[in-house]
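# Descriptive structure summary
For reference, the chains in residue letters:
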Amino acid sequence: MISAKMQESMNRQLNREMYSAYLYLSMSAYFEDTGLKGFANWMKVQAQEEMMHAMKFYDFINERGGRVILQDIEAPPGKWDSPLDVFENVAEHERKVTSLISGLVDLAISEKDHASNAFLQWFVSEQVEEEASADEIVQRMKLVGKEGNGLFMFDRELLQRKFTAPASSE
Ligand code: FEO
């Protein structure tokens, strides 16, 4: 059984993961509107991954005898200055998520809640990947510049990304 405080914190994180999905879906729509189908695809897959993260919290809260309480999901922004601006926002957002996950781990440790700590370690590793992939795209975007053939090629490359549903045992 998780504590009331852990339940509340995990519910809040579930909400933030849903917000992340909303944010990335909004970014996907922005790219659809600007005709960059590859970037739009990358963001749509990212949004699906965030939904999967939210569902991990949903399942864990229930498995541990807690109560899932869904709150309003904040509306995300819908406009950005450029593709680079979008990905810089992704990188910044992921750094924020990492600090939220770290806060949850700190809480689990202070409560000696080993089950929650073990569950959260998946997210600790995931955040390393999330930050690295966002930073890599920002760096490549800076090399490619604002337009032209490089951007077109990069867009084509990101069209290949596909969402992989986690195995049911996860
Ligand atoms: Fe759920 Fe992108 O962190």
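On a predicted model such as this, the values are computed, not experimentally measured, just so you know.

### Thoughts on the overall build of the chain
Helices and strands together make up the secondary structure of the chain, namely five helices and zero strands. If you list the helices and strands of the chain from N to C, you get α-α-α-α-α. Its C-alpha radius of gyration of 17 Å places the chain within 12% of the 15 Å reference for a compact globule of 170 residues. In terms of overall dimensions, the chain has C-alpha extents of about 55 × 30 × 25 Å along its principal axes. Within the chain, contacts between residues at least 6 apart in sequence are counted, and of these 82% link residues at least 24 apart.

### Concerning the layout of surface pockets
The volume enclosed by the second largest pocket comes to roughly 190 Å³. Together, Arg-16, Tyr-19, Leu-23, Met-27, Pro-77, Trp-80, Asn-89, Glu-92, His-93, Lys-96 and Leu-100 line the second largest pocket. Listed by contribution, the elements that provide at least two residues to the lining of the second largest pocket are α1 (4–34) and α3 (83–110). Broken down by element, the lining of the second largest pocket gets its largest block of residues, five residues, from α3. Looking at the lining of the second largest pocket, its residues break down into six nonpolar, two polar and three charged.

### Quick word on the nonpolar core
Counting residues in each nonpolar core, the largest one holds 24 residues, and the members touching the most others are Met-27, Phe-31, Phe-39, Met-43 and Phe-87. Listed by contribution, the elements that provide at least two residues to this core are α1, α2 (37–63), α3, α4 (114–144) and α5 (149–158). Examining the composition of this core, we find that six residues originate from one element, α1, more than from any other. Leave out the neighbours within four places in its chain, and Met-27 touches Met-43, Trp-80, Val-86, Asn-89 and Val-90. Ala-54, Phe-60, Phe-119 and Phe-123 belong to the second-largest nonpolar core, a separate cluster that totals 18 residues.

### Topic: unusual backbone geometry
Even without a glycine there, the phi angle at Lys-112 is positive, about 55°. With respect to the element layout, Lys-112 can be found in the loop between α3 and α4. Classification of Lys-112 by relative accessible area gives exposed; the value is 65%.

### So, the pattern of salt bridges
Here the structure, examined in full by the defined rule, presents seven salt bridges. Measuring nitrogen to oxygen at the nearest pair gives 3.6 Å for the salt bridge that ties Arg-161 to Glu-49. Here the residue Arg-161 occupies a position in the segment after α5, and Glu-49 occupies one in helix α2, the gap between them amounting to 112 residues. Judged by its relative accessible area of 18%, Glu-49 falls in the buried class. The residue Arg-140 makes a salt bridge to Glu-157 at a minimum N-O spacing of 2.8 Å. Of this pair, Arg-140 sits in helix α4 while Glu-157 sits in helix α5, and the two are 17 residues apart along the sequence. Judged by relative accessible area, which is 37%, Glu-157 ranks as partly exposed.

How each quantity is defined
- Residues numbered from 1 in each chain as written.
- Predicted model: local features only at pLDDT ≥ 70, side-chain atom pairs only at ≥ 80, totals over all residues.
- Heavy atoms only, no water.
- Helix = DSSP H or I, 4+ residues; strand = E, 2+ residues; numbered from the N terminus.
- Rg over C-alpha atoms; globule rule 2.2 N^0.38 Å.
- Contact = heavy atoms within 4.5 Å.
- 1 Å grid on protein atoms, 1.4 Å probe; cavity = no way out; pocket = protein on both sides within 12 Å on 5 of 7 lines; lining within 4 Å.
- Points joined across faces, edges and corners; volume = space filled by probe spheres on them.
- Nonpolar A, V, L, I, M, F, W, Y, C, P; charged D, E, K, R; others polar.
- Core = buried A, V, L, I, M, F, W, Y, C linked by side-chain atoms within 4.5 Å.
- Buried < 20%, exposed > 50% of the residue type's maximum accessible area, 1.4 Å probe, protein only.
- Salt bridge = Lys/Arg side-chain N within 4 Å of Asp/Glu carboxyl O.

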